[in-house]
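Residues per chain are reported as follows:
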Amino acid sequence: MSSMTSYTNFRDVTDAVAEALWRMVRESRGSCVSFIPKTLLEQSNSSLKNNMLPVLFTLVKHILDNLVKNGLLEKDDSRSIVRYRICKKSELWALCKESDSPKKIAQLIRDLVE
């Protein structure tokens, strides 16, 4: 039962997304980072990355689409696989670069999505 808790706990998913975005932006050397939901989760240290189920990707896409809707991410659906992109001009990029941990990013996501 405890292994399924993380799939139903939306906070765990938002924390994993926030950590992955924070890590990818902090480690970037260019002006943009692009990713798909699977590679985003692989960047987190969350236990969710070890048990990726379709329902988890649905939740991640929901979070990412809300960030797109709020102008914090860009979405490229011109290919068969939908990619998301975050660039220097995004307020989220600046927040990731300035933060010492993903906590502020997680709070921003919760404020926008939940």
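Refer to the structure presented above.
These remarks concern the structure in this document. (Residues numbered from 1 in each chain as written. Predicted model: local features only at pLDDT ≥ 70, side-chain atom pairs only at ≥ 80, totals over all residues. Heavy atoms only, no water.)

**Overview of the nonpolar core**
Condition: Nonpolar core, defined: a set of buried Ala, Val, Leu, Ile, Met, Phe, Trp, Tyr and Cys residues in which side-chain atoms within 4.5 Å join the residues together. Under the scheme applied here, a residue whose accessible area is under 20% of the maximum for its type counts as buried, over 50% as exposed, and between as partly exposed, the area being computed with a 1.4 Å probe on protein chains only. Secondary structure elements follow DSSP: runs of H or I of four or more residues count as helices, runs of E of two or more count as strands, with numbering from the N terminus. We call two residues in contact when some of their heavy atoms are within 4.5 Å.
Grouped together as the largest cluster of nonpolar side chains are 29 residues, with contacts concentrated most on V17, F35, L40, L64, L67, L92 and I109. Taken together, the elements giving at least two residues each to this core come down to α2 (10–27), β1 (32–35), α3 (37–42), α4 (54–69), β3 (83–87), α5 (91–98) and α6 (103–113). Broken down by element, the residue count for this core peaks at 9 residues, all from α2. Aside from chain neighbours lying at most four places away, what touches L92 is L21, L67, L72, L73, I86, I105 and L108.

**Quick look at the packing of aromatic side chains**
Geometry of an aromatic ring pair is reported as the spacing of the ring centres plus the angle between the planes. Rules: Only the six-membered ring of Trp is used, alongside the rings of Phe and Tyr, when aromatic pairs are assigned; centres must lie within 6.5 Å, and planes under 30 degrees apart are stacked while those over 60 apart are edge-to-face, with the rest tilted.
Counting across every chain of the model gives 1 aromatic pair. Both rings, one in F35 and one in Y84, keep their centres 6.2 Å apart while their planes meet at 20°; by these two values the pair is stacked. With F35 in strand β1 and Y84 in strand β3, the pair connects residues that are 49 residues apart, well separated along the chain. Among the residues examined, Y84 registers a relative accessible area of 3% and is labelled buried.

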